[in-house]
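# Breakdown of the fold
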Amino acid sequence: MSRIFDALVEAGEANGPSRLVKRRSLAVGARRRRLYPLGGGGTSVAPPPGPTFDNDETLAWIARLTGPVTNADKLLVDDLITVLKGIGLEKFDLVQLYCIGTTEADALLDILGNFDAVNSGAAYTAGAHLETNGTSSSIASGWNPSTAGGAYGQNGGHFGAYFVDQAAVSASGVGQFDGSDGMTLAPRQPTSNRVAFRVNQASLTSTANGSNLDGRGLYIANRSLSNATQVYKNNAAIAASGNPNQNSTALNNAEVILGLVAGTFTAHQFSLFIAGGSLTAGEVADLYNDGLLPILTAKGLV
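Residues numbered from 1 in each chain as written. Predicted model: local features only at pLDDT ≥ 70, side-chain atom pairs only at ≥ 80, totals over all residues. Heavy atoms only, no water.

## Here's the deal with the overall build of the chain
Under the convention used in this document: By the criteria applied, helices consist of DSSP H or I runs no shorter than four residues and strands consist of E runs no shorter than two, each listed in order from the N terminus. Any two residues whose heavy atoms approach within 4.5 Å at even a single point are treated as in contact. A 1.4 Å probe and the Shrake-Rupley method give the accessible areas. Residues count as covered only by the protein chains that appear here.
Scanning the chain for helices and strands turns up six helices and 20 strands. Expressed as a percentage of contacts within the chain between residues at least 6 apart in sequence, the contacts between residues at least 24 apart total 63%. Within the structure as shown, the chain displays about 12,100 Å² of accessible surface, and the carbon and sulfur contribution to it stands at 52%.

## What about the pattern of salt bridges?
Defined as follows: Only one rule defines a salt bridge in this text: a Lys or Arg side-chain nitrogen within 4 Å of an Asp or Glu carboxyl oxygen. Burial classes: relative accessible area under 20% of the type maximum marks a residue as buried, over 50% as exposed, and values in between as partly exposed (1.4 Å probe, protein chains only).
The full count for this structure, using the stated rule, is four salt bridges. Between Asp73 and Lys299 there is a salt bridge; the shortest N-O distance is 2.9 Å. Of this pair, Asp73 sits in helix α4 (residues 71-87) while Lys299 sits in the segment after α6 (281-298), and the two are 226 residues apart along the sequence. Judged by relative accessible area, Asp73 falls into the buried class, the value being 6%.

## A word on the environment of Thr103
Looking at the element boundaries, Thr103 is found in the loop between β3 (92-97) and α5 (104-107). Residue contacts for Thr103: discarding those within four places in its chain leaves Thr66, Gly67 and Tyr124.

## Some thoughts on the packing of α4 against α6
Axis angle and axis distance: for two packed helices, these are the angle between their axes and the distance between the axes, and together they describe the pair. Selection criterion: Lines fitted to C-alpha atoms define the axes, with helix axes restricted to the stretch in contact, and inter-axis angles between N-to-C directions lie between 0 and 180 degrees. For classification purposes, angles smaller than 35 degrees are called roughly parallel, those larger than 145 roughly antiparallel, those between 65 and 115 roughly perpendicular, and all remaining angles oblique. Any residue that is not Ala, Val, Leu, Ile, Met, Phe, Trp, Tyr, Cys, Pro, Asp, Glu, Lys or Arg is counted as polar, Gly included; the first ten are nonpolar and the last four charged.
Packing of α4 against α6 brings their axes to within 9 Å, and their N-to-C directions diverge by 175°. Between α4 and α6, the angle is such that the two are roughly antiparallel. Only Glu283, Asp286, Leu287, Asp290, Gly291, Leu292, Pro294, Ile295 and Ala298 of α6 make contact with α4, whose side of the interface consists of Leu76, Leu80, Val83, Leu84 and Ile87. Here the contact of α4 with α6 is composed, by residue class, of 10 nonpolar, one polar and three charged.

## Quick look at the nonpolar core
Applied cut-off: Buried Ala, Val, Leu, Ile, Met, Phe, Trp, Tyr and Cys residues that are joined via side-chain atoms within 4.5 Å together make up what is termed a nonpolar core.
Core analysis: the largest hydrophobic core is formed by 35 residues, its most contacted members being Leu80, Leu97, Ile111 and Leu287. Among the elements of the structure, α4, β3, β13 (217-225), β20 (269-276) and α6 are those that each provide at least two residues to this core. In contact with Leu97, other than residues within four places in its own chain, are Val77, Leu80, Ala107, Leu109, Ile111, Ser271, Leu272, Leu292 and Ile295. Counting residues in each nonpolar core, the second largest holds 28 residues, with Leu94, Ile139, Val174 and Val256 among its members.

## Structural notes on the pairing of strand β11 (residues 196-201)
Formally: For two strands to count as paired, DSSP must find a minimum of two bridges between them.
The buried fraction of β11 amounts to six of the six residues, a majority that puts the element mostly inside the structure. With two bridges joining them, β11 and strand β12 (residues 205-207) adopt antiparallel strand pairing. Looking across to β12, one finds that Phe197 is bridged to Thr205. Count of turn residues in the β11/β12 antiparallel hairpin: three residues.

## What to know about α4
Note the threshold: Here the expected length of a helix is defined as 1.5 Å per residue gap, with one fewer gap than residues.
Taking 1.5 Å of rise per residue, 17 residues should cover 24 Å, and α4 covers 25 Å from first to last C-alpha, within 8% of that figure. Within α4, 13 of the 17 residues are buried, which leaves the element mostly enclosed by the surrounding structure. Positive backbone phi, approximately 130°, marks Gly88, located one or two places after α4.

## Regarding the sheet that holds strand β10 (residues 182-186)
The strands making up a sheet are joined through hydrogen bonds of the backbone, oriented either antiparallel or parallel. Taken together, eight strands build an open sheet; the order of strands is β4-β7-β17-β9-β10-β11-β12-β16 and the sheet is antiparallel. Only two strands of the sheet have a single neighbouring strand rather than two, namely β4 (118-120) and β16 (240-242). Relative to β16, β12 is paired through two bridges, and the arrangement is antiparallel. Considered in β16, the bridge of Thr207 is made with Ala240.

## Section: unusual backbone geometry
Even without a glycine there, the phi angle at Asn243 is positive, about 50°. Within the secondary structure layout, Asn243 lies in the loop between β16 and β17 (257-258). Phi is positive for Ala262, close to 55°, though the residue is something other than glycine.

## Overview of the packing of helix α3 (residues 56-64) against α4
Convention followed: Each crossing gets its hand from how the near helix is turned against the far one by less than a right angle, where anticlockwise is left-handed and clockwise is right-handed.
It is the contact of α3 with α4, at a shortest axis distance of 9 Å, that shows an interaxial angle of 140°. Between α3 and α4, the angle falls in the class oblique. Handedness of the α3/α4 crossing: right-handed. On α4, the residues that touch Glu57, Thr58, Trp61 and Ile62 of α3 are Lys74, Val77, Asp78, Ile81 and Lys85. Along the lines of polarity and charge, the residues of the contact of α3 with α4 split into four nonpolar, one polar and four charged.

This is the structure in structure tokens:
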């Protein structure tokens, strides 16, 4: 507990037991016991200075970091990976957290080590987001669902992003579209105040007019069957009313871009991008509530 407390002091969270402290303290007994030499033929189970982590994936991500990252951030990522494993790590092709770390290079890393992003002119704010300007900047995810060989498929998959800004923008902020089918996501369209999305389909599916008055939040577009799609904001579904449950048509062979879809730039503040296989409503709720919300809250992005 002392290492967790020290890490939270570093992040300014030592005024009381946070949700992170409560959850991690319950898991202390389940931690791996790493052995270190005492000398004279004996061994010790005492860990080295600093926090210990539950997941090898966390250690692999830490080894790739090039700039300073707080222990509190490292623990938040470790907890997120634990949540991903609870859902099924195989369901996630990539998780890019633009709000973690203090350098742009580290913010662009996929914490799972599969696909790193490339920034093309988006403004970086450490510990918060990457901001596209709507005229010339974008973020290439590095992920092409047709060539990735991951869990995302034509008849089952999810992709999503956390939008910090509340702006209403008519064009899709994330995705790819070849003119006949694709995967796109517009969190809040002007006038109608609705979410519009595609998941391997031709025409847009949309929620009801007035169903989304605030563009800020985690949006996940999901396909559960060849003829069934859903869209989620944070931890709950928003019912589709326009062109619901369209049949899947193809799995496009193109990289997913944030801030540039089908030749149109959009201005948004992105704090994360995530994609993979189809998720249930309960899995989306667990992902947000237990995995992503603690990170977003710690960064003041909720």
